[in-house]
Amino acid sequence: MVTRLYSHPIYLDHLTAPGHPERPDRLRAIAKVLDDEAFAALDRVQAPEGRREAILLAHPASYVDQLEAAVPAEGLARIDADTTMSPKSFVAAMTAVGAATAAVDDVFSGVADNVFVASRPPGHHAERVTAMGFCLFNNAAIAARHAQRTHGVERVSIIDWDVHHGNGTQDIFWTDPSVQYLSTHQMPLYPGTGAKSETGVGNIINAPLAPNDGSDAFKEAFLSRVLPAIDQFRPDLIIISAGFDAHHRDPLAQINLVEADFDWATAELMDRAGRFAKGRLVSLLEGGYDLQGLSTSVAAHVKRLMKG
Ligand SMILES: [Zn+2]
């Protein structure tokens, strides 16, 4: 297996206010754990800057212009209650898009079997025309549309195991049967969406978990709702919105997953990628706010990606 890892120093220059959970140290913690010799075989590549045309696959030009105009010369510009931009945030967000689309190109060209993108800002709360929840551009949505546009595939499944519901991804694909969005998340919790009754055009599969749920409920949600829906859909590409804030140490939620759960879910999705998508799997970092829980969970996830 060739597993590629994208990152870029610019991701550390997207600054948030002191005490904000979505902070540069998250990526420093991930870099440190992936420095171990167990990850020596990772194909480490610096992310390219994204192209504006790629962003337009999921957001209108006016939205991109608006965010670009909001970039402050210094300090922080407030975008919503908990989303800010610093002087380098726009370029960082563009580069997160660049990594996501390059990762898709890599699994189609065969230069990599699968790819993990360690980027920030995250993306799954960004709706078509609304930045929110620490997110500016919806990386997973852009990656899915890029695969369809550039590589001519029909069906893409986005599996989102971040503890928060990916309202942005759901919004973007609400009427698009060619992209399947499947999410496990705590409910009730920010952003408030993600009920089982939200089904789009049959392409949205929400599997909410209750506060204090743990491994058993997560696996049950996967086995009873997520995996059967993927089996039926037969995607040409699997994208993971890989948030690690369902880890039991995370301060923003009350789900009690452990590293082995992320390993298990990764293996299940690799199995589906192997059966339907020639192994093509792209994993994009979303949330995860306890530095230890985040880094050890990413390690378990990436180790599984490398092992096959
Ligand atoms: Zn989250």
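Described below are features of the structure shown in this document. (Residues numbered from 1 in each chain as written. Predicted model: local features only at pLDDT ≥ 70, side-chain atom pairs only at ≥ 80, totals over all residues. Heavy atoms only, no water.)

Notes on the overall build of the protein chain
- The helix and strand inventory of the protein chain stands at nine helices and 10 strands.
- Here the C-alpha radius of gyration of the protein chain, 17 Å, is about what a compact globule of 308 residues would show, namely 19 Å.
- For the protein chain, the spread of C-alpha atoms along the principal axes amounts to about 50 × 40 × 40 Å.
- Here the protein chain holds 308 residues, and the buried ones make up 59% of them.
- Put simply, 75% of the contacts in the protein chain that link residues at least 6 apart link residues at least 24 apart.
- In the form shown here, the protein chain has an accessible surface area of approximately 11400 Å², with 50% of it arising from carbon and sulfur atoms. (Helix = DSSP H or I, 4+ residues; strand = E, 2+ residues; numbered from the N terminus. Rg over C-alpha atoms; globule rule 2.2 N^0.38 Å. Buried < 20%, exposed > 50% of the residue type's maximum accessible area, 1.4 Å probe, protein only. Contact = heavy atoms within 4.5 Å. Areas by Shrake-Rupley, 256 points an atom, 1.4 Å probe, with all protein chains shown as cover.)

Things to note about the sheet that holds strand S5 (residues 114–117)
- Strand order across the open sheet formed by eight strands is S2-S1-S5-S10-S9-S6-S7-S8, with parallel pairing between neighbours. Among the strands making up the open sheet, the edge pair consists of strand S2 (43–46) and strand S8 (204–209). Averaged over all adjacent pairs, the angle separating strand axes in this sheet is 15 degrees, with direction ignored.
- Two strands pair when backbone bridges link them, and strand S7 (residues 179–186) and S8 are joined in this way by six bridges, in the parallel orientation. Note on S8: the bridge partner recorded for Gln186 is Leu209. (Pairing = 2+ DSSP bridges. Axes fitted to C-alpha atoms, helices over the stretch in contact; angles between N-to-C directions.)

Quick look at the layout of surface pockets
- Put simply, the largest pocket is a space of about 290 Å³.
- Taken together, 16 residues line the largest pocket, and the ones lying closest to its centre are Leu5, Ser7, His8, Leu27 and Ala31.
- Where the lining of the largest pocket is concerned, the elements lending two or more residues are strand S1 (3–7), helix H1 (25–33) and S2.
- Ranked by residue count, the leading element in the lining of the largest pocket is H1, at four residues.
- When grouped by side-chain class, the residues that make up the lining of the largest pocket number 10 nonpolar, three polar and three charged. (1 Å grid on protein atoms, 1.4 Å probe; cavity = no way out; pocket = protein on both sides within 12 Å on 5 of 7 lines; lining within 4 Å. Points joined across faces, edges and corners; volume = space filled by probe spheres on them. Nonpolar A, V, L, I, M, F, W, Y, C, P; charged D, E, K, R; others polar.)

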